[in-house]
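Remarks on the overall topology
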Amino acid sequence: MPLNAESLTADPLQWQRVAPYHIARKRHRTPEIIDAAFHCLDHLHSQPNTERNDPQSRSADNALAAIGYEISDDADAAYELTRRIATYFRSPNVNLAFTALRQFERYRLSRYRIFVSEKLLDVATWDTQTPSPISMTLRGIAFLQLFYLDPEYKHWPQLVQARTECILGLQRWGAANPAHQSALRGITRYINGAT
């Protein structure tokens, strides 16, 4: 499906059917398309959900991909747009929250983790049990982003719960992903006397 700001705004879940090559092409990403992407995220944010919902996750992922490509193309907008994405980290819609957090694993946004580090800390130290659409919790995925930013976060006492959840999530959800297994080895090395 090509990008059409009017139809994507009228039905935000249409984002799930947007073809990746349309998102990647700069000429398809007008300011109206970026507005439609944030409209989709706002729509999902207003729909509390603690259960896995693939259409919501795909819609959020494609909308966030469009914003991520825009950030790659316009570094001057990176701070503002990444900070705006971070407002969804604690969304009552766990599909949106999880998808927003995962964007910072991807190449387009990974270099901008520093811009949202305090928002990642906020989620990782959240004292409320955080639901998740999969076996990796929101606290765990936030911790993983912090670890990628600076491995020393694994020693922070206030992040022990998030670190534990991240380790368990990487053992289950990330078991088949070599990058996640590498992160797991890095997180567990030299903690609690382990080598």
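Preceding this section is the structure that the text describes.
Residues numbered from 1 in each chain as written. Predicted model: local features only at pLDDT ≥ 70, side-chain atom pairs only at ≥ 80, totals over all residues. Heavy atoms only, no water.

**Thoughts on the nonpolar core**
Applied cut-off: The definition of a nonpolar core used throughout is a set of buried Ala, Val, Leu, Ile, Met, Phe, Trp, Tyr and Cys residues joined through side-chain atoms within 4.5 Å. Summary of the burial criterion: residues with accessible area below 20% of their type's maximum are buried, those above 50% are exposed, and those between are partly exposed, where the area comes from a 1.4 Å probe applied to protein chains only. The helix and strand labels rest on DSSP assignments: H or I over at least four residues marks a helix, E over at least two residues marks a strand, and numbering proceeds from the N terminus. In what follows, residue pairs with any heavy atoms lying within 4.5 Å of each other are defined as contacts.
Counting 61 residues, the largest nonpolar core has Trp 15, Leu 41, Ile 67, Ile 85 and Phe 89 as the members making the most contacts within it. If one sorts the elements of this core by residue count, helix H3 (residues 31–45) sits on top with eight residues. Contact partners of Ile 85, with chain neighbours within four places excluded, come to Leu 64, Ile 67, Ile 71, Ala 100, Phe 104 and Leu 109.

**As for the side chain of Ser 59**
With respect to the helices, strands and loops of the structure, Ser 59 is situated in helix H4 (residues 54–73). Assessed through its relative accessible area of 0%, Ser 59 is described here as buried. Other than its neighbours up to four places away in sequence, Ser 59 contacts Pro 12, Leu 13, Trp 15, Gln 16, Cys 40 and Leu 44.

**Overview of the packing of aromatic side chains**
Applicable threshold: Side-chain rings of Phe, Tyr and Trp, where Trp is taken by its six-membered ring, are said to pair if the distance between their centres is within 6.5 Å; with planes under 30 degrees apart they count as stacked, over 60 as edge-to-face, and otherwise as tilted.
Tallied over the full model, the rule gives six aromatic pairs. A ring pair is formed by Phe 98 and Trp 173, whose centres lie 5.8 Å apart and whose planes are at 80°; its orientation type is edge-to-face. Placement of the pair is Phe 98 in helix H6 (residues 94–102) and Trp 173 in the loop between helix H10 (160–172) and helix H11 (178–188), with a sequence separation of 75 residues. Residue classification places Phe 98 among the buried residues on the basis of a relative accessible area of 7%. You can call Trp 173 partly exposed: its relative accessible area is 24%. Note on Tyr 153 and Trp 156: the rings are 4.6 Å apart at their centroids and 50° apart in plane angle, and the pair reads as tilted. Exposure remark for Tyr 153: the relative accessible area of 11% places this residue in the buried category. When its relative accessible area of 32% is taken as the criterion, Trp 156 is described as partly exposed.

**A word on the packing of H6 against helix H9 (residues 138–149)**
Note the cut-off: Interaxial angles span 0 to 180 degrees and are taken between N-to-C directions of axes, which are lines fitted to C-alpha atoms, for helices over the stretch in contact. Any angle between 65 and 115 degrees counts as roughly perpendicular, while under 35 counts as roughly parallel, over 145 as roughly antiparallel, and the rest as oblique. Lys, Arg, Asp and Glu make up the charged group, whereas Ala, Val, Leu, Ile, Met, Phe, Trp, Tyr, Cys and Pro make up the nonpolar group; the residues left over, Gly among them, are polar.
It is at 9 Å that the axes of H6 and H9 come closest, and there the two elements cross at 10°. The angle between the axes of H6 and H9 places the two elements in the roughly parallel class. In this structure, H6 contributes Val 94, Ala 97, Phe 98, Leu 101 and Arg 102 to the contact, and H9 contributes Leu 138, Ile 141, Ala 142 and Gln 145. Taken together, the residues of the contact of H6 with H9 break down into seven nonpolar, one polar and one charged.

**Observations regarding the environment of Ala 10**
Take Ala 10: it is sitting in helix H1 (residues 5–10). The exposure class assigned to Ala 10 is exposed, which follows from its relative accessible area of 68%. Each C-alpha atom, one on Ala 10 and one on Gln 145, is 33 Å from the other, the two residues being 135 residues apart in sequence.

**Regarding the side chain of Ser 91**
The condition is simple: N or O atoms closer than or at 3.5 Å make up a polar contact, with two conditions inside protein: a donor-capable atom paired with an acceptor-capable one, and, for residues adjacent in sequence, both atoms drawn from side chains.
Take Ser 91: it is sitting in the loop between helix H5 (78–86) and H6. On the basis of relative accessibility, which here comes to 3%, the residue Ser 91 falls in the buried class. Separated by 2.9 Å, the side chains of Ser 91 and His 45 make a polar contact. The residues touching Ser 91, leaving out its near neighbours within four places in the chain, are His 45, Leu 96 and Ala 97.

**What to know about the pattern of salt bridges**
Here is the rule we go by: Here, a salt bridge means any side-chain nitrogen of Lys or Arg that lies within 4 Å of a carboxyl oxygen of Asp or Glu.
This structure, assessed with the given rule, holds eight salt bridges. For Arg 29, the salt bridge goes to Asp 73, with nearest N and O atoms at 2.0 Å. Taken together, the residues span a long stretch of sequence, with Arg 29 in the loop between helix H2 (20–24) and H3 and Asp 73 in helix H4 at a distance of 44 residues. You can call Arg 29 buried: its relative accessible area is 5%. Note that Arg 102 is salt-bridged to Glu 105, the shortest N-O span being 3.2 Å. Looking at Arg 102, the relative accessible area reads 23%, which means it is partly exposed.

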